[in-house]
Amino acid sequence: MKSWIDNAAPLVAEDLSDLPPTFVITAENDVLRDEGNAYAERLKSAGVKVEPFLEEELVHGYFTNMAVFPEQIKRDNFKNRTILK
C-alpha cells in the first residue's frame, strides 16, 4: 500500500514502476526545473515510458497563463507528442 507521501511527492516515492506513460513539462527559468528533470529520470529508471519537454526561455506556470504567454502555448502542439500516441 502506498503512503500519502508517494502521492504528495512522487519524486521521493519508493516505487514508480506502476505509473502510466508520462509527459513531463518543465520551463527553463523554473525553480522546479531540476526536480522535474529528476522525476523524469526516476520514471525512466523505473521502466516507465517518459517524454521530457523543456520549454526554453519561459518561467514556472507559463502553461496556465494564456494572458501572458499565448504564443508559446499556441505553438506547443502537445497533441503530436509521441508519448500520447
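Residues numbered from 1 in each chain as written. Predicted model: local features only at pLDDT ≥ 70, side-chain atom pairs only at ≥ 80, totals over all residues. Heavy atoms only, no water.

A. Region of the structure containing the pattern of salt bridges. Overall, the coordinates contain one salt bridge when judged by the stated rule. Asp 34 is paired through a salt bridge with Arg 33; the nearest N and O atoms lie 3.5 Å apart. (Salt bridge = Lys/Arg side-chain N within 4 Å of Asp/Glu carboxyl O.)

B. The pairing of strand β1 (residues 22-29), seen in detail. Pairing of β1 with strand β2 (residues 50-59) involves seven bridges; the strand directions are parallel. From the neighbouring strand, Phe 23 faces β2, where its bridge partner is Glu 51. The handedness of the β1 to β2 crossover, carried by helix α2 (residues 33-45), is right-handed. (Pairing = 2+ DSSP bridges. Helix = DSSP H or I, 4+ residues; strand = E, 2+ residues; numbered from the N terminus. Right-handed = clockwise from strand over helix to strand, strands pointing away.)

C. Region of the structure containing the packing of aromatic side chains. All told, the structure shown has one aromatic pair when counted by the stated rule. For the ring pair Phe 23 and Phe 53, a centre distance of 6.0 Å and an interplane angle of 40° mean the geometry is tilted. With Phe 23 in strand β1 and Phe 53 in strand β2, this residue pair connects regions lying 30 residues apart in the sequence. Across the pair, exposure class does not vary: Phe 23 and Phe 53 are buried alike. (Phe/Tyr/Trp six-rings, centres within 6.5 Å; stacked < 30°, edge-to-face > 60°. Buried < 20%, exposed > 50% of the residue type's maximum accessible area, 1.4 Å probe, protein only.)

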